[in-house]
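Next come the chains, spelled out residue by residue.
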Amino acid sequence: MSQYRAVKGTRDILPGEISSWNYIEKVIHRVAGLYGFHEIRTPVFEYTELFQRSIGATTDIVGKEMFTFRPEEKGRSITLRPEMTAGVMRAFIQGNLAATSPVHKLYYIAELFRKERPQAGRQRQFSQFGAELIGVSSPEAVAEVIGMMMQVFVDLGLTGLRLRMNSLGDVKDRMHYIKALREYLEPHSALLDEHSRERLDKNPLRILDSKNPEIQAIIADAPKLHDFLGASAIDDFEKVLHYLDEKGLSYVIDPLLVRGLDYYCHTAFEVTSSELGAQDAIGGGGQYDGLAKQLGCKSDIPAVGFAVGLERLLITMEKQGLLAHAAPERPQVYVVLQSHELAAHAVGICDALRKSGIRSIMDLAGRSMKAQMREANKMRAAYALFVGQDEIQNQVFGLKNLVTSEQDFLSIQRIIERLEPLDESSQKTSDE
Ligand code: AMP
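Residues numbered from 1 in each chain as written. Predicted model: local features only at pLDDT ≥ 70, side-chain atom pairs only at ≥ 80, totals over all residues. Heavy atoms only, no water.

Draft legend 1. Summary view of the overall build of the chain. The helix and strand tally for the chain stands at 15 helices and 16 strands. If you line up the chain on its principal axes, its C-alpha atoms span 90 × 50 × 45 Å. Within the chain, the fraction of its 432 residues that count as buried is 49%. Intrachain contacts of the chain at a sequence separation of at least 6 include 70% that bridge at least 24 residues. With the model as given, the accessible surface of the chain reaches about 21900 Å², and the carbon-plus-sulfur share is 51%. Each charge class in the chain was averaged separately, 51 positive and 58 negative side chains, and the resulting centres sit 4 Å apart. (Helix = DSSP H or I, 4+ residues; strand = E, 2+ residues; numbered from the N terminus. Buried < 20%, exposed > 50% of the residue type's maximum accessible area, 1.4 Å probe, protein only. Contact = heavy atoms within 4.5 Å. Areas by Shrake-Rupley, 256 points an atom, 1.4 Å probe, with all protein chains shown as cover. Lys, Arg positive; Asp, Glu negative; His and termini not counted. Charge placed at Lys NZ, Arg CZ, Asp CG, Glu CD.)

Draft legend 2. Summary view of the site of the ligand. Neighbouring the ligand are 14 residues; Arg-114, Glu-116, Gln-123, Arg-259 and Ile-282 lie closest to it. Residue Glu-116 places a side-chain N or O atom 2.6 Å away from a nitrogen atom belonging to the ligand. The contact in question runs from an oxygen atom of the ligand to an N or O atom on the backbone of Gly-283, over 3.2 Å. About the coverage of the ligand: the protein hides 90% of its 480 Å² of free accessible area. Going through the elements one at a time, strand E6 (125–134), strand E10 (281–287) and strand E11 (303–309) are the ones with two or more residues in the shell around the ligand. Tallying contributions element by element places E10 first for the shell around the ligand, with three residues. The class makeup of the residues in the shell around the ligand is four nonpolar, five polar and five charged. (Near = heavy atom within 4 Å. Polar contact = N/O pair within 3.5 Å; in protein donor to acceptor, adjacent residues only side chain to side chain. Nonpolar A, V, L, I, M, F, W, Y, C, P; charged D, E, K, R; others polar.)

Draft legend 3. Up close: the packing of aromatic side chains. Using the criterion set out here, one finds three aromatic pairs in the structure. Measuring from centroid to centroid gives 6.1 Å for Phe-45 and Phe-69, while their planes differ by 85°, and the two rings are edge-to-face. A residue pair is termed long-range when its members are at least 10 positions apart, and Phe-45 in strand E2 (residues 45–47) and Phe-69 in strand E3 (residues 68–69) qualify at 24 residues. Assessed through its relative accessible area of 44%, Phe-45 is described here as partly exposed. Judged by centre distance (5.4 Å) and plane angle (80°), the rings of Phe-129 and Phe-306 are edge-to-face. Of the two residues, Phe-129 sits in strand E6 while Phe-306 sits in strand E11, which places them 177 residues apart along the sequence. Residue classification places Phe-306 among the buried positions, given a relative accessible area of 2%. (Phe/Tyr/Trp six-rings, centres within 6.5 Å; stacked < 30°, edge-to-face > 60°.)

Draft legend 4. Representation of the pattern of salt bridges. Per the stated rule, a full pass over the model turns up 17 salt bridges. Residue Glu-49 pairs with Arg-76 through a salt bridge whose shortest N-O separation is 2.8 Å. Residue Glu-49 is found in helix H2 (residues 48–55), and its partner Arg-76 is found in the loop between E3 and strand E4 (78–80); the two are separated by 27 residues along the sequence. The salt bridge partner of Arg-414 is Glu-417, with a shortest N-O separation of 3.3 Å. Highlighted residues: Arg-414 and Glu-417, both in helix H15 (residues 412–418), separated by three residues, approximately one helical turn. Among the residues examined, Glu-417 registers a relative accessible area of 49% and is labelled partly exposed. (Salt bridge = Lys/Arg side-chain N within 4 Å of Asp/Glu carboxyl O.)

Following this line, the structure appears as structure tokens:
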């Protein structure tokens, strides 16, 4: 084996797996279209300040997980994007999208980079699909975004997911709560683990996320965020829940759900899968009304979004046996050569078939007829088309159905007429 290996925490998606990715991405594009979201693509790297300013200096991501480099010795520092919201908001502001419409519905499928300790479901390069609804974060908008995320899961056939909901209140509510939480936790600081003690200073909300049972026991009696919410925050949250009820989405309210990033406010949500073990979060999101201002806009621009990890989505789908839909594309015709000397004819035949939209392949390696047939079956080709001296002379070719073994002798023109071109609708999708 070669000494060159993929970098720790990254992985290849080989052809055997790519059809699963294509399938999922197709469902995402379809559902996003149904909800009126438009795709956005932003650069893989951004100036480091963008993430420092938006995600928050006290978060794990900015504190220790960013891949940061300086291409020119005296140039500005650059970071591989660890999440998409900051880049999308930057692009929204830079592209002056607000001038074209008050509300923008954007979605993406993107590669992200975080310097985390690799383990099952946690990589250093991973992919997310997500959406950002910018310009409004009314309860309807929040429910719309959650509804679109959940529809992707439903259309993929996933079951047993848990949607957890919480309200973080506005910035003021949160500041009051953080103060109360810190006051409660400080006398317990000797009992906190090192990680949580660090957080007590910088970002005590994150302690609520702790999976350590001893910390969880301390947190059980901590002040509850809910008691610090103002009337309008409570009212908005109840409206969001009402819309989810209307949509028939089930959820649980989790007062400990805070989400890691600084820019969240009001509704926060997360989806977990019991199929995933320790890294059980598939996706999550929330409102981030203050982010635009943080990035230099004159006023706040309300916004709400989510991000879902595609690797974890795939792991869950695999465990639930849902990847059968994602069969790789099959050739319609495998052109089998009696002998390699006839290759020039086969090239012409393949060309004619392909020009008519028929997915066709031929042997390129001068293999025996037996080996060609073996490969045609392995690829699950629908038909074998035989090319021999007699066939070329008579311009009539054997077309064998590889499922029924029935064989007809036809001209290329008749074969083209017989085989419908493979279009979008002949590929399996969830809408069949
Ligand atoms: P976050 O941006 O941290 O809220 O993450 C959103 C989703 O992205 C998570 O729920 C995971 O599904 C996925 N995710 C986050 N970090 C990683 C990682 N290092 N490796 C794989 N998936 C991840």
